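What follows is each chain in one-letter form.
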Amino acid sequence: MYGNSPLGDDGLDPETLSPDQRRQLERDLSRVAQQTRRLLPEEFVVGSDLTAGSDGPEATVAVRPPVGPVVSAGYTPEEADATITEDEQTDLAQGLAASAALQVKQALSGSTSPTAR
C-alpha cells in the first residue's frame with residue numbers, strides 16, 4: 001500500500017548480515033546452483049548472486065538456457081540468521097531446471113516441424 005515508502009517496511013537492513021551469515025547464505029545459493037546444474041545439460045548456464053537490495057539482502061539464482069529468456073528465482077531472508085533449508089534448496093533447483101527446460105521447449109515449438117503425423 002505504501003509503495004517505496006519506509007512506512008511498514010519489515011525487510012532487513014542491507015548491512016544486517018554478519019560476514020558469517022553472508023557466507024552461509026552464499027553457500028546455500030551455491031548449493032542451489034550446483035543442484036540445478038546437475039539437473040540440466042551443459043548448454044544451460046547457471047549462476048547465483050547475493051546483493052544488498054533496498055529491502056535487505058537479495059539472493060538470486062538464474063539459469064540461461066541455450067534459447068529463450070533467462071529464468072531466475074529470488075530469495076530475501078526476513079531474519080539475519082535465515083538459511084535456505086535442504087528441502088527448499090531442492091525445490092528451488094528442481095523448479096528452476098523445469099522452468100528453464102520449458103523455456104527451451106517454448107522457444108523451439110514454433111521453429112520445428114513434427115517428424116511424423
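Residues numbered from 1 in each chain as written. Predicted model: local features only at pLDDT ≥ 70, side-chain atom pairs only at ≥ 80, totals over all residues. Heavy atoms only, no water.

S.K.: What's the story with the pattern of salt bridges in this structure? I'm lost.
M.R.: If charged atoms from side chains of opposite charge come close, those side chains can pair. Counted according to the given criterion, the structure contains three salt bridges. Ionic pairing is found between Glu-26 and Arg-22, a salt bridge with its closest N-O pair at 3.5 Å. Linking Glu-26 with Arg-22, this pair stays in helix α1 (residues 19-39), spanning four residues, or about one helical turn. Look at Arg-22 and you get partly exposed, because its relative accessible area is 33%. When the shortest N-O distance is used, the salt bridge between Asp-28 and Arg-31 registers 3.1 Å. With Asp-28 and Arg-31 both in helix α1 and three residues apart, this pair spans about one turn of that helix. (Salt bridge = Lys/Arg side-chain N within 4 Å of Asp/Glu carboxyl O. Helix = DSSP H or I, 4+ residues; strand = E, 2+ residues; numbered from the N terminus. Buried < 20%, exposed > 50% of the residue type's maximum accessible area, 1.4 Å probe, protein only.)

S.K.: Whenever I open this one, the environment of Leu-25 confuses me. Can you help?
M.R.: When you line up the elements, Leu-25 lands in helix α1. Take Leu-25: its relative accessible area is 1%, and that puts it in the buried class. Sequence spacing of Leu-25 and Ile-84 is 59 residues, and the spatial spacing of their C-alpha atoms is 7.3 Å. In this structure, Leu-25 is in contact with Leu-17, Leu-50, Tyr-75, Pro-77 and Ile-84, ignoring residues within four places of it in sequence. (Contact = heavy atoms within 4.5 Å.)

S.K.: Is there a simple way to think about α1 in this case?
M.R.: A turn of α-helix holds 3.6 residues, and therefore any two residues three or four places apart point the same way. An ideal rise of 1.5 Å per residue puts 30 Å on 21 residues; α1 measures up with 31 Å between its terminal C-alpha atoms. Listed as buried for α1 are Leu-25, Asp-28, Leu-29, Val-32, Ala-33, Gln-35 and Thr-36. Buried residues along α1 cover an arc of 160 degrees about the axis, so they all sit on one side. Seen from the buried face of α1, the exposed residues on the opposite side, beyond 90 degrees, are Pro-19, Asp-20 and Arg-38. Against the buried residues of α1 lie β1 (45-53), β2 (56-64), β3 (71-75) and α2 (86-109). (Expected span 1.5 Å × (residues − 1). Arc of directions from axis to C-beta.)

S.K.: Sorry, what's going on with the sheet that holds β3 here?
M.R.: Across a sheet, strands are paired by hydrogen bonds formed along the backbone, either parallel or antiparallel in direction. Overall, antiparallel pairing links the three strands, which are arranged β1-β2-β3 in an open sheet. Pairing within the sheet leaves two strands with one partner each, and these edge strands are β1 and β3. Each adjacent strand pair in this sheet contributes to an overall mean axis angle of 20 degrees, direction not counted. Sheet topology note: the β2/β3 ladder contains five bridges and is antiparallel. The residue of β3 that forms the bridge with Val-61 is Ala-73. Running at roughly 155 degrees to β1, α1 makes contact with β1, β2 and β3 of the sheet. The strands that α2 touches are β2 and β3; relative to β3, the one it contacts most, it runs at about 155 degrees. (Pairing = 2+ DSSP bridges. Axes fitted to C-alpha atoms, helices over the stretch in contact; angles between N-to-C directions.)

S.K.: Where do I start with the environment of Pro-41 in this structure?
M.R.: Here Pro-41 lies in the loop between α1 and β1. When its relative accessible area of 45% is taken as the criterion, Pro-41 is described as partly exposed. Sequence separation of Pro-41 and Ala-101 is 60 residues, and the distance between their C-alpha atoms is 9.8 Å.

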